[in-house]
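Observations on the three-dimensional arrangement
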Amino acid sequence: MEPVRRKALVDAALRVIGDHGSLAVTMSDIARQAGVSPALAHHYFGSKEQLLIETIRSLLRQLRSDTVTALKAARTPRARLSAVIRVSFHADQFAPETIAAWLAFYAEAQRSEETRRFLVIYARRLRSNLLADLKVLLPADAAERIAEGAAAMIDGLYIRQSLKSAPIGIEASIALTEDYLNALLATASPSPRSEKAQPHRTIQGQMT
């Protein structure tokens, strides 16, 4: 039962953080949401801080798993770029409680070095996954510039979704990012490497 209960507590932490919009929640709040006692929650995670770290690790593992699956199904560098974009706006990642939790973790990163480290892993992973295929299509300097811009646009649209008064839906967010990418790809000089090339690539940022 331990893996089941640990997952239930992580899922409960995500919902409670989302409902509160911050990490100012208690182990009792999370345990109540999970339907277990606070003592059992402490038994599995030791402290609220350890449970919160496992929650962000869980978000990153799921995002990486979805990305790996999407990239395996894509056959060209351009298709893989679209796969990364679509995964970034996946319905699970776009759920209100998940967005609220990510924003809470970003705020916590100003105080917690461990939380900041996990968010840096996410940022590096997104950039690397975009850059790997952009380098097939473009010279290195152009690829790096567009990867930075696309990653910033993805993060910005994600944050914009948290504004209840001005939300941007999944498909609209994907379309805006694709339009940005298409416009820059059309104006940039192509790489000497062929669009048909299928380079060996790895997904960056694997959790340990």
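Please refer to the structure higher up on the page.
A brief structural summary. (Residues numbered from 1 in each chain as written. Predicted model: local features only at pLDDT ≥ 70, side-chain atom pairs only at ≥ 80, totals over all residues. Heavy atoms only, no water.)

For the rest of this paragraph, the subject is the environment of Pro38. The topology assignment puts Pro38 in helix H3 (residues 38–45). Note: C-alpha distance between Pro38 and Ser28 (10 residues apart in sequence) is 5.1 Å. Apart from the residues within four sequence positions on either side, Pro38 is in contact with Ser28 and Ala31. (Helix = DSSP H or I, 4+ residues; strand = E, 2+ residues; numbered from the N terminus. Contact = heavy atoms within 4.5 Å.)

Viewed as axis vectors pointing N to C, helix H1 (residues 2–20) and H3 meet at an angle of 105°, and their least axial separation amounts to 10 Å. As judged from the angle between their axes, H1 and H3 are roughly perpendicular. Here Glu2, Arg5, Arg6, Leu9 and Val10 of H1 come into contact with H3, specifically with Leu40, Ala41, Tyr44 and Phe45. For the contact of H1 with H3, the per-class residue count stands at six nonpolar, no polar and three charged. (Axes fitted to C-alpha atoms, helices over the stretch in contact; angles between N-to-C directions. Parallel < 35°, antiparallel > 145°, perpendicular 65-115°, else oblique. Nonpolar A, V, L, I, M, F, W, Y, C, P; charged D, E, K, R; others polar.)

Moving on, we come to the pattern of salt bridges. In total, this model carries 10 salt bridges according to the counting rule given. Arg57 is paired through a salt bridge with Glu54; the nearest N and O atoms lie 3.8 Å apart. In this pair, Arg57 and Glu54 are both assigned in helix H4 (residues 48–73), three residues apart and thus about one turn of the helix distant. Residue Arg57 shares its accessibility class with Glu54, and that shared class is buried. (Salt bridge = Lys/Arg side-chain N within 4 Å of Asp/Glu carboxyl O. Buried < 20%, exposed > 50% of the residue type's maximum accessible area, 1.4 Å probe, protein only.)

Note that all results are geometric; they support no functional claim without further evidence.
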